Amino acid sequence: KQERTEWEKKVKNELKLTTDQTTKYDALNTEYDTKMDALAQDASLSMDVQKEKKMALKKEKEGKLFEFLTPEQQEKYKTLVEQKKKDMKKPSNQ
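Residues numbered from 1 in each chain as written. Predicted model: local features only at pLDDT ≥ 70, side-chain atom pairs only at ≥ 80, totals over all residues. Heavy atoms only, no water.

Caption draft 1: Representation of the nonpolar core. In terms of nonpolar packing, the biggest core is built from 17 residues, with W7, V11, L15, Y25, L65, L69 and Y77 touching the most fellow members. Those elements that place two or more of their residues in this core are α1 (2-15), α2 (19-41), α3 (47-66) and α4 (71-89). Top contributing element to this core by residue count: α2, with 5 residues. (Core = buried A, V, L, I, M, F, W, Y, C linked by side-chain atoms within 4.5 Å. Buried < 20%, exposed > 50% of the residue type's maximum accessible area, 1.4 Å probe, protein only. Helix = DSSP H or I, 4+ residues; strand = E, 2+ residues; numbered from the N terminus.)

Here it is, written out as structure tokens:
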């Protein structure tokens, strides 16, 4: 949860979201956080299926996000996501 909050704050700051965009972004996060949490709680799903569904949700969420971001903001967002992926691959002891 802490990580999610940090990420959301970073996206808002880096993309310089407008008040309107911030409202939409927050609503989107609330909606998808609930879906992700429900998925994580679903013991009937295998890890592979869970991962697959999470990836699908992320893609869907990004699609909705891009509906209200400017092209510049979309590029900046993609850069942030790439950076996050690189950071996640690094061993945490570095």
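Let's pick the thread back up.
Caption draft 2: Highlighting the packing of aromatic side chains. This structure, assessed with the given rule, holds 2 aromatic pairs. An angle of 85° between the planes, with centres 5.8 Å apart, marks the rings of F66 and Y77 as edge-to-face. One end of the pair, F66, is in helix α3; the other, Y77, is in helix α4, and 11 residues separate them in sequence. Taking the relative accessible area as the measure of exposure, F66 reaches 17% and is therefore buried. Taking relative accessible area as the criterion, Y77 reaches 10% and is therefore assigned buried. A cation over a ring is seen here: K35 above Y32, with NZ or CZ 4.5 Å from the ring centre. We note K84 situated over the ring of W7; from NZ or CZ to the ring centre the distance is 4.3 Å. (Phe/Tyr/Trp six-rings, centres within 6.5 Å; stacked < 30°, edge-to-face > 60°. Lys NZ or Arg CZ within 6 Å of the ring centre and 35° of its normal.)

Caption draft 3: Molecular detail of the packing of α2 against α3. α3 packs onto α2 with a crossing angle of 170° between their chain directions and a minimal axis gap of 10 Å. Compared by their axis directions, α2 and α3 come out roughly antiparallel. In this structure, α2 uses Y25, L28, N29, E31, Y32, D33, K35, M36, L39 and A40 to contact α3, whose residues at the interface are Q50, K53, K54, L57, K58, E60, K61, K64 and L65. Looking at the contact of α2 with α3, its residues break down into 8 nonpolar, 2 polar and 9 charged. (Axes fitted to C-alpha atoms, helices over the stretch in contact; angles between N-to-C directions. Parallel < 35°, antiparallel > 145°, perpendicular 65-115°, else oblique. Contact = heavy atoms within 4.5 Å. Nonpolar A, V, L, I, M, F, W, Y, C, P; charged D, E, K, R; others polar.)

Caption draft 4: Expanded view of the layout of surface pockets. In this model, the largest pocket occupies a volume close to 1,100 Å³. W7, M36, K58, K84 and M88 are, among the 26 residues lining the largest pocket, the residues nearest its centre. Secondary structure elements with two or more residues in the lining of the largest pocket: α1, α2, α3 and α4. Here the lining of the largest pocket takes 9 residues from α3, the largest share from any one element. Residues that form the lining of the largest pocket fall into these classes: 10 nonpolar, 1 polar and 15 charged. Roughly 200 Å³ of internal volume is contained in the second largest pocket. Along the walls of the second largest pocket sit E3, E6, W7, K10, L80, Q83, K84, D87 and M88, which together make up its complete lining. Among the elements of the structure, α1 and α4 are those that each provide at least two residues to the lining of the second largest pocket. Counting residues per element, the lining of the second largest pocket draws most heavily on α4, at 5 residues. (1 Å grid on protein atoms, 1.4 Å probe; cavity = no way out; pocket = protein on both sides within 12 Å on 5 of 7 lines; lining within 4 Å. Points joined across faces, edges and corners; volume = space filled by probe spheres on them.)

Shape descriptors only; they carry no functional weight alone.
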